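Here are the chains, one letter per residue:
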Amino acid sequence: MYSIEITSQIESWFDQPEIWDSLAGGVPFRQVAWLGSWWKHLSEGREAYLVVARDSSGNVQGLLPLYRAGSGTRGRTLHFIGDGSACTDDISVLATDEHAATVSEAIGRHLAEMASHHQDGWDVLDLDGIVEGNEACRALARGLRLGGATLHSMSRMKTWFKKCEGTWEESLKQSSKSSRRAIGQLTKRLASIPELRYCVTEGEDVELAMAQMIQLHQARWIAAGETGTYAEPQFRDFIEAAVRAFEANGQLYLPTLYHGSDVIAAELHFIGQNGRSYCYSTGYDINQMELEPGRLLNVCVLQHVHESTWLGVDLLRGDEPYKQRMKAEPRKLIRMRAVAPAIVPRLFDAAWRTQFVLKQWMRGKTGRKLIEVIELVGAK
């Protein structure tokens, strides 16, 4: 049904966003604005491995944007473009709903067949950032298994989605008394303190607001003894490029809370063409905690999302307690490993599984939560 090819010439495909983005399912992290920016700024030393599926008429019906790392002696591993420190969530085979299952299974079978190919071969396919329920990835896993690959899937954390149905007033009525009281207090604070101001930053003010958000984000994590997401200049360049690209697409949402002329809280959102707002990064002033800038901005954002009639806010990966307090819906974030159907890759996999069992044992001994081993539905 499909002809499938593998190419390393991914830049030419990024130059065709109308084709690429039409297969992204409305998810910003599958679009050229995100993946193309990542490739330009964070792909040094990596070899693109783009899988392209066409129908009998030659029309592109599926894309799987990967890169290949490693060697024949250490194992050639395929990763999704955008992985690593970018923490790209909701990765998938790019395809329309109509073709998602069939094209993804075909890609899986083809990859299994190509595993020992002298040019396009691979040993391990390691995909991190699959959201539970992704039909395309289930079909990809099924195709890989049918082709003889060995699968191992696990989940260490969840991704969270806060629905925003109805009006803001209707949402408040459905909240508990304690939640309504807390929201009311925060709303009164915003109205009663003249220096406090909420706005959506746009245009020429975006660059400065982003720089201030990053500064607040870094200060918070450094105070906690961490390096912070934006410690590396290359990562900042990547985010700035992605922000510019999404702004040009009309998909940037940068809610900002000011105290006087100073930014005391800001959030970086990307608006999906699926009607969701994806909250990628936040920053708030740890020296203004008496104002509760993070919570105050959060209320402003939720009200804005309701008024914009978006479906809700995707809070992405991480099991922070505030996501539960917001009554966001959790979904497992899945990492899938597929091992090529050959002896050497299976030896690599045996060593990896031994390490995994040891890490699980250590987690148990130290009281840490075990990594959940799961079976992708449809991969039998």
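Below or above, wherever it landed, is the structure these notes cover. Only a predicted model underlies this, so the values are computations on that prediction, with no experimental measurement involved.

1. Topic: helix α3 (residues 32–42)
Then, number 1: Of all the 11 residues making up α3, nine are buried; the element is thus mostly covered by neighbouring parts of the structure.
Then, number 2: Within the span of α3, buried status applies to Val32, Ala33, Trp34, Leu35, Gly36, Ser37, Trp38, Trp39 and Leu42.

2. Observations regarding the packing of helix α7 (residues 177–192) against helix α10 (residues 293–307)
Then, number 1: Here α7 crosses α10 at 95°, and the two axes come no closer than 10 Å. Classified by the interaxial angle, the pair formed by α7 and α10 is roughly perpendicular. Judged by residue contacts, Ile183, Leu186, Thr187 and Leu190 of α7 engage Arg295, Leu296, Val299 and Cys300 from α10.
Then, number 2: Broken down by class, the residue content of the contact of α7 with α10 amounts to six nonpolar, one polar and one charged.

3. Observations regarding the state of the cysteines
Then, number 1: Within this structure, the stated rule accounts for zero disulfides.
Then, number 2: For Cys87, which is in no disulfide, the shortest distance to another cysteine sulfur is to Cys279 and amounts to 14 Å.
Then, number 3: Note on Cys87: relative accessible area 33%, which makes it partly exposed.

4. Quick look at helix α4 (residues 100–114)
Then, number 1: Here α4 spans 21 Å end to end across 15 residues, near enough to the 21 Å set by a 1.5 Å rise per residue.
Then, number 2: Buried within α4 we find Ala100, Val103, Ser104, Glu105, Ile107, Gly108, His110, Leu111, Ala112 and Met114.
Then, number 3: Among the structural elements, β1 (3–7), β2 (47–54), β3 (60–69), β4 (77–80), β5 (124–131) and α5 (135–146) are those in contact with the buried residues of α4.

5. Some details on the pattern of salt bridges
Then, number 1: All told, the structure shown has 19 salt bridges when counted by the stated rule.
Then, number 2: Residue Arg30 pairs with Asp90 through a salt bridge whose shortest N-O separation is 3.0 Å. With Arg30 in the loop between α2 (17–22) and α3 and Asp90 in the loop between β4 and α4, this pair connects stretches of sequence that are 60 residues apart. In this structure, Arg30 and Asp90 share a single accessibility class: buried.
Then, number 3: Across the salt bridge formed by Asp314 and Arg331, the nearest N and O atoms sit 3.4 Å from each other. Here Arg331 lies in strand β13 (residues 329–339) and Asp314 lies in strand β12 (residues 312–317), a separation of 17 residues in the sequence.
Then, number 4: On the basis of relative accessible area, Asp314 is assigned to the buried category, the value being 2%.

6. Structural notes on the layout of surface pockets
Then, number 1: In this structure, the second largest pocket spans a volume of roughly 450 Å³.
Then, number 2: Contributing elements (two or more residues each) for the lining of the second largest pocket: α5 and β11 (276–284).
Then, number 3: Its residues assigned to classes, the lining of the second largest pocket comprises 10 nonpolar, eight polar and seven charged.

7. Regarding the nonpolar core
Then, number 1: Within the largest apolar cluster, 83 residues are counted, with the highest numbers of intra-cluster contacts made by Trp34, Leu111 and Tyr280.
Then, number 2: Residue contributions to this core peak at seven residues, all from α3.
Then, number 3: Beyond its immediate sequence surroundings of up to four residues, Leu111 is in contact with Tyr49, Val51, Leu64, Leu78, Trp122, Leu125, Leu140 and Leu144.
Then, number 4: Core analysis: the second largest hydrophobic core is formed by 24 residues, Ile183, Leu196, Leu296 and Leu315 among them.

8. A short note on the pairing of β11
Then, number 1: Counted residue by residue, β11 has seven buried out of nine residues, so it is predominantly covered.
Then, number 2: Strand direction decides the pairing type here: strand β10 (residues 262–271) and β11, joined by seven bridges, are antiparallel. The residue bridging Leu268 from the neighbouring strand is Ser281, located in β11.
Then, number 3: Between β10 and β11, which follow one another and run antiparallel, lie four residues, and Gly275 among them has a positive phi close to 85°.
Then, number 4: Sheet topology note: the β11/β12 ladder contains three bridges and is parallel. When the bridges of β12 are listed, Tyr278 appears paired with Asp314.

About the criteria used
Residues numbered from 1 in each chain as written. Predicted model: local features only at pLDDT ≥ 70, side-chain atom pairs only at ≥ 80, totals over all residues. Heavy atoms only, no water. Buried < 20%, exposed > 50% of the residue type's maximum accessible area, 1.4 Å probe, protein only. Helix = DSSP H or I, 4+ residues; strand = E, 2+ residues; numbered from the N terminus. Axes fitted to C-alpha atoms, helices over the stretch in contact; angles between N-to-C directions. Parallel < 35°, antiparallel > 145°, perpendicular 65-115°, else oblique. Contact = heavy atoms within 4.5 Å. Nonpolar A, V, L, I, M, F, W, Y, C, P; charged D, E, K, R; others polar. Disulfide = S-S within 2.5 Å. Expected span 1.5 Å × (residues − 1). Salt bridge = Lys/Arg side-chain N within 4 Å of Asp/Glu carboxyl O. 1 Å grid on protein atoms, 1.4 Å probe; cavity = no way out; pocket = protein on both sides within 12 Å on 5 of 7 lines; lining within 4 Å. Points joined across faces, edges and corners; volume = space filled by probe spheres on them. Core = buried A, V, L, I, M, F, W, Y, C linked by side-chain atoms within 4.5 Å. Pairing = 2+ DSSP bridges.

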